[in-house]
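# Coordinate inspection notes
The chain contents come next:
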Amino acid sequence: MPELPEVETIARRLRNGSDDFAPVPGNVIQDVKVFWKKIVATPDVPTFKKALAGKEIKDVLRRGKFLHFPLDQGHLIAHLRMSGDMLMEKRLDEHGSALKKKDHDQAIFDFKSPWRLVLNSVRKFSRVYYVTDPQAVFGNLGPEPLGHDFSADKLYKMLHEHSRQIKPLLMDQSFVAGLGNIYADEILYEARIHPLRKSDTITQQEAQALYNAMQKILRKAIEKLGTSLDWMYRGGEYQNHFLVHQREGEPCPDCSGKVQKIVVGQRSTYFCPNCQKAPKEP
DNA sequence: CATCAACCCTGAGAGC
DNA sequence: TGCTCTCAGGGTTGAT
């Protein structure tokens, strides 16, 4: 499910805690339960459990769509993929007995405190990693779109290193880290670039517009605490601000045209054919 | 290198 | 109501 704004929202929530739960940093893992073995990407499940027992979580960070938990020794990393969520909850009821796991809880990290960190994933696509060097997981990721080392100039150069359809390229995590199907549509619309344009036809001016759109859309989505889609409601409300995504047939916010839906790179793609001019046929 | 199909999974919603 | 079909915010793998 989650793209950069949703993962950022989850990371902040876990890092800071709330009225309802304690912050994750400072907690020491007592025991790890795994209910679906394939959730553990690396190492194998017994090693994973053994490695995490007794470790203290020092912080909660985000890199691309990954949640990153640096430990006092090693790193716990999680990717939620399509339908995952991570949350902090009480592990004991008022009588001191363990609370039952909920439907689709795939892994539970019990802390020595009264809390536990839960990975819930309806479609079981989520993955967790225990590594000594986070680069083992992050090594192939492209730059952070909101990072200080990213710029319109750099984006322009990167775009011209490929000759690919712009939308799938934006969603390629080794190109830029964190964009998925929703925000790629929204960003391309905001920049008025057709999703099928080849990356090496993007002008410097368009690259600037694309960069600006990334900043604007992602920052606003983070401000709105991300997107909540139907049954995956988590508090975010950016879905109420979609410009084109999931708005097939509805009026474009900027012209009298209607939003159109096509398939690009095997993903549903929404755009305004009037504002986002189609590339010329070769 | 770029593109695409199949696959990993479950559940919601549409259509019948 | 119940069945079947399609679709879903992601990513990997193997073929073309």
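Procedures and definitions
- Residues numbered from 1 in each chain as written.
- Chains lettered and ligands numbered in written order.
- Predicted model: local features only at pLDDT ≥ 70, side-chain atom pairs only at ≥ 80, totals over all residues.
- Pairing = 2+ DSSP bridges.
- Helix = DSSP H or I, 4+ residues; strand = E, 2+ residues; numbered from the N terminus.
- Axes fitted to C-alpha atoms, helices over the stretch in contact; angles between N-to-C directions.
- Contact = placed C-beta atoms within 7 Å.

### Regarding the sheet that holds strand β9 (residues 127–131)
Taken in spatial order, the five strands of this open sheet run β2-β9-β5-β4-β3, and their pairing is mixed. The open sheet has two free edges, formed respectively by β2 (40–42) and β3 (61–63), since each of these has just one partner strand. The mean angle between the axes of side-by-side strands here comes to 30 degrees, regardless of whether they run parallel or antiparallel. Strands β3 and β4 (66–70) of the sheet are contacted by helix α1 (residues 4–16), whose axis makes an angle of about 160 degrees with β3. Sitting on the sheet, helix α2 (residues 45–52) touches β2, β5 (75–79) and β9, and the angle it makes with β9 is about 60 degrees.

### Description of the pairing of β9
Two elements, β2 and β9, share two bridges in a ladder whose sense is parallel. Bridge pairing links threonine 42 to tyrosine 129 in β9. Pairing geometry for β5 and β9, over five bridges, is antiparallel. Its bridge partner being in β9, alanine 78 is matched across the sheet by valine 128.

### Side note on the sheet that holds strand β6 (residues 84–90)
Adjacent strands of a sheet pair through backbone hydrogen bonds, lying either parallel or antiparallel. Sheet architecture is open: four strands sit in the order β1-β7-β8-β6, paired in antiparallel fashion. The two strands at the open ends of the sheet, each matched to only one other strand, are β1 (29–34) and β6. The mean angle between the axes of side-by-side strands here comes to 15 degrees, regardless of whether they run parallel or antiparallel. As paired elements, strand β7 (residues 105–111) and strand β8 (residues 115–121) share five bridges and run antiparallel to each other. Within the sheet, the bridge partner assigned to alanine 107 lies in β8 and is leucine 119.

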